[in-house]
Amino acid sequence: MSEKEYECTIKRICTLLQSEPTPDVIQGLRESFGSLGKQLKAGPFLEVFETTLSNIPFSALFSLLAAPDNKLIVIVAEVTGLLLKPVTWAMVHQTFEEYIIQGLGHPHPNVKCLVLSQFLKCEQAKDPFSPQYGPHIWKCLEGKGENEATKLAKQVLIHLCKIGMGLEYLFTSESLAVVKQTLAGNEGERFRVYDVVAAAVAESESAFEFFRQEGIVETFLEEEDRRDVLVVMNFYELVPDLCASPTSFEYLDSQGVFKRVLKELTDSEEDSVTTSLLRTAGLKLLSRVVDAKGVQADSFLEQYAVAPILRDMILRESGEARVAAISCLGAIGNNPQALEYLAKEDTALSALATAYNGSLGRLRVECLQAIACVFGHSQTPGAATSQACYDLYMRLSDGKLLVDLTKEIMKGFEESCVAAFAVFQKLSWHAWGVREIASYQNITNFLLTRDASRGKTVQQWQFATIESIVASPSAKDAFGDEDYTRLRRYVNEGPFFVNSVPQVALKSS
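Please read all numbers here as calculations on a predicted model, not as lab measurements. (Residues numbered from 1 in each chain as written. Predicted model: local features only at pLDDT ≥ 70, side-chain atom pairs only at ≥ 80, totals over all residues. Heavy atoms only, no water.)

This next bit is on the overall build of the protein chain. Helix and strand counts for the protein chain stand at 31 helices and 0 strands. Whereas a compact globule of 509 residues would reach a radius of gyration of roughly 23 Å, the protein chain reaches 30 Å, over 25% beyond that. Each of the three principal axes of the protein chain carries a C-alpha extent, and together these read 90 × 85 × 45 Å. Residues classed as buried in the protein chain amount to 51% of the 509 residues present. (Helix = DSSP H or I, 4+ residues; strand = E, 2+ residues; numbered from the N terminus. Rg over C-alpha atoms; globule rule 2.2 N^0.38 Å. Buried < 20%, exposed > 50% of the residue type's maximum accessible area, 1.4 Å probe, protein only.)

Attention shifts here to unusual backbone geometry. Between Gly-43 and Pro-44 the backbone carries a cis peptide bond, its omega angle lying at 5°. Not every positive phi belongs to a glycine, and Asn-442 is a case in point at roughly 60°. Summarising the element assignment, Asn-442 is placed in the loop between α28 (431-439) and α29 (443-448). Classification of Asn-442 as exposed rests on a relative accessible area of 51%.

Attention shifts here to the confidence of the model for the protein chain. Confidence in the prediction of the protein chain, expressed as mean pLDDT, is 93, and 97% of residues score 70 or more. Taken as a whole, residues 502-509 scores under 50 in pLDDT and shows 0 contacts with residues more than four places along the chain or in a different chain. (pLDDT = per-residue confidence, 0-100. Contact = heavy atoms within 4.5 Å.)

With that out of the way, let us pick up helix α18 (residues 273-289). With 17 residues, α18 should reach 24 Å at 1.5 Å per residue; the first-to-last C-alpha distance of 24 Å fits that figure. Every buried residue belonging to α18 is among Thr-275, Leu-278, Arg-279, Ala-281, Gly-282, Leu-283, Leu-285, Leu-286, Ser-287 and Val-289, and all of these are buried. Where α18 is buried, its residues touch α15 (229-242), α17 (257-267), α19 (297-303), α20 (306-316) and α21 (319-333). (Expected span 1.5 Å × (residues − 1).)

A separate point is the pattern of salt bridges. Scanning all chains against the criterion turns up 28 salt bridges. Asp-312 serves as the salt-bridge partner of Arg-311, at 3.0 Å between the closest nitrogen and oxygen. Residues Asp-404 and Arg-364 are paired through a salt bridge, measuring 3.6 Å at the closest nitrogen-oxygen approach. With a gap of 40 residues between them, Asp-404 in helix α26 (residues 401-411) and Arg-364 in helix α24 (residues 361-375) connect regions that are remote in the sequence. Each of the salt bridges in this network shares a partner with another, and the network as a whole consists of Glu-237, Asp-241, Lys-284 and Arg-288. (Salt bridge = Lys/Arg side-chain N within 4 Å of Asp/Glu carboxyl O.)

Along the chain, Ser-32 turns up in helix α2 (residues 23-42). Engagement of the side chain of Ser-32 in a polar contact is seen with the backbone oxygen of Gly-28, the distance being 2.8 Å. Setting aside anything within four residues of it in sequence, one finds Ser-32 in contact with Thr-9, Arg-12, Ile-13 and Leu-16. (Polar contact = N/O pair within 3.5 Å; in protein donor to acceptor, adjacent residues only side chain to side chain.)

So, about the packing of aromatic side chains. For the structure on display, the rule yields 33 aromatic pairs. Here Arg-450 stacks its cationic end above the ring of Tyr-490, 3.9 Å away from the centre of that ring. Across the ring face of Phe-496, the terminal group of Lys-456 is positioned such that the distance to the ring centre comes to 5.2 Å. (Phe/Tyr/Trp six-rings, centres within 6.5 Å; stacked < 30°, edge-to-face > 60°. Lys NZ or Arg CZ within 6 Å of the ring centre and 35° of its normal.)

Let us look at the nonpolar core. Phe-33, Phe-119, Trp-138, Phe-258, Phe-300, Phe-375 and Phe-479 are the most contacted members of the largest nonpolar core, which totals 184 residues. Every residue in contact with Trp-138, bar those within four places of it in the chain, is listed here: Leu-157, Leu-170, Phe-171, Ser-175, Val-178, Val-179, Thr-182, Val-193 and Val-196. (Core = buried A, V, L, I, M, F, W, Y, C linked by side-chain atoms within 4.5 Å.)

In this model α21 runs 22 Å from its N-terminal to its C-terminal C-alpha over 15 residues, within 8% of the 21 Å that 1.5 Å per residue would give. Taken as a whole, α21 has its buried residues at Ala-321, Val-323, Ala-324, Ala-325, Ile-326, Cys-328, Leu-329, Gly-330, Ile-332 and Gly-333. Buried residues in α21 make contact with α18, α19, α20, α22 (336-345), α23 (347-357) and α24.

Contact pair α20 / α23: the axes reach a minimum separation of 8 Å and the direction vectors enclose 15°. Of the possible angle classes, the one that applies to α20 and α23 is roughly parallel. Our pair here, α20 against α23, has a crossing hand that is left-handed. Within the contact between the two elements, α20 uses Ala-307, Pro-308, Arg-311, Ile-314 and Leu-315 and α23 uses Thr-347, Ala-348, Ala-351, Leu-352, Thr-354 and Ala-355. Split by residue class, the contact of α20 with α23 holds 8 nonpolar, 2 polar and 1 charged. (Axes fitted to C-alpha atoms, helices over the stretch in contact; angles between N-to-C directions. Parallel < 35°, antiparallel > 145°, perpendicular 65-115°, else oblique. Left-handed = near helix turned anticlockwise from the far one by under 90°. Nonpolar A, V, L, I, M, F, W, Y, C, P; charged D, E, K, R; others polar.)

You can see Ser-428 is positioned in the loop between α27 (414-427) and α28. Since its relative accessible area comes to 3%, Ser-428 is described here as buried. Looking at Ser-428, its side chain comes within polar contact range of the main-chain oxygen of Gln-425, at 2.5 Å. Those residues within four positions of Ser-428 in sequence are excluded, and the remaining contacts are Val-434, Ile-437, Thr-465, Ser-468, Ile-469 and Ser-472.

Attention shifts here to the environment of Cys-373. Along the chain, Cys-373 turns up in helix α24. Accessibility expressed as a relative area gives 31% for Cys-373, which makes it partly exposed. Along the backbone, Cys-373 and Leu-114 are 259 residues apart, and their C-alpha atoms lie at a distance of 42 Å. With sequence-adjacent residues up to four places away left out, Cys-373 is seen in contact with Gly-330, Ala-331, Gly-333 and Asn-334.

On to the environment of Asp-271, then. Mapping Asp-271 onto the fold places it in the loop between α17 and α18. Asp-271 gets classed as exposed once you look at its relative accessible area, which sits at 77%. The sequence separation of Asp-271 and Ser-117 amounts to 154 residues, and the corresponding C-alpha distance is 46 Å.

Below, the structure written as structure tokens:
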């Protein structure tokens, strides 16, 4: 029986491994491992896998990763990764602990990535682990620029925090020494650490206090005082993630973080790119803080008078600042607790209605997107929030919003169509919204009109709208049996259904 191609490849590798590492041997190993990689991918995998490891142990592969040839290292790292795919984390940890630590310190990023990827197999806190890994994983975050190794190292650390290994294994005294050394580095290194810290805080209420006592929170807060606008924007991006518990939110509050953000929004008179970027980032921070686990949305909005600030920005600002304020209000209104407060306070939602009623072009699309967020705060809205949405609806074009929506869709521009269909869909989450849609003249024919020229994205939003209407408990009564049946048929046919027209073949005489 003739040998299979992969068997010949493996034999060739075994012969080359017993030879002196001359340039010709190195070249032969490159070519042979390149072929083996292709054969492992082509399969049958289990057969090639078993034959390979019966003849070439992992120890031989790991030794090649220390070869003085970068091209060979890359090829062998890829083959080793393929061979490690079916190997469980428990087996990797038990068999290769020494190689793991060596690989994490390897100068070649491909080898680091090979080793780091194995940690993603660790899926629960009770899986075997070694505290020795921590400092070496943290070291992989170092580097001026973002690369595959630093990105994967951050992903691994966040993953391990999420499965509950953070404080026990990743923040030992040895690991903390590396963490603090990294925090003394460049912006990229510091914020990679902060991303992991935020993940740990999200999983453990005691984590924030631990980091505060270690001085890491204080180091983070100092980022706001730097003059680099990108650093401050990154700081703003992470603040909501750290508000994972009342304790962490209250501490950040006590340090004046939110007061300074509001001051940036209200006191900035300079009309510059830097100011615009910071104000947009500040608005995004506010919109995300109300959704943070450690924050009472209504109390936060009242304490910092966020609604009047948004009202003033929507009514008095222009350009990007106005658009950012409208977007921020939509995001805040998507939180049910925040929406109840906004409805009582009223000024911000009133400003949104005023802006919408006088809007054209891009501003109208931005307003519709914000309105969709407010209407879509819940698929099963409570009485108070649904009433708030109805009150806003009646302010939009004097209760004739549906006329505007159909006009936006008929324009045919993707952005306008998507924004309008999004509002239609979110309206259908309210019983009153379904009744409003059903009472609009000829609306069923309009909604059911298929137009492939609008593009797939618009077709998907059109389908989502009709699907939501059909799912509403009040739809059948509102639309009547005949129209409701037509809407259901549309849903059953899917978003891209095309009516087949029978072709009649005519014989020429």
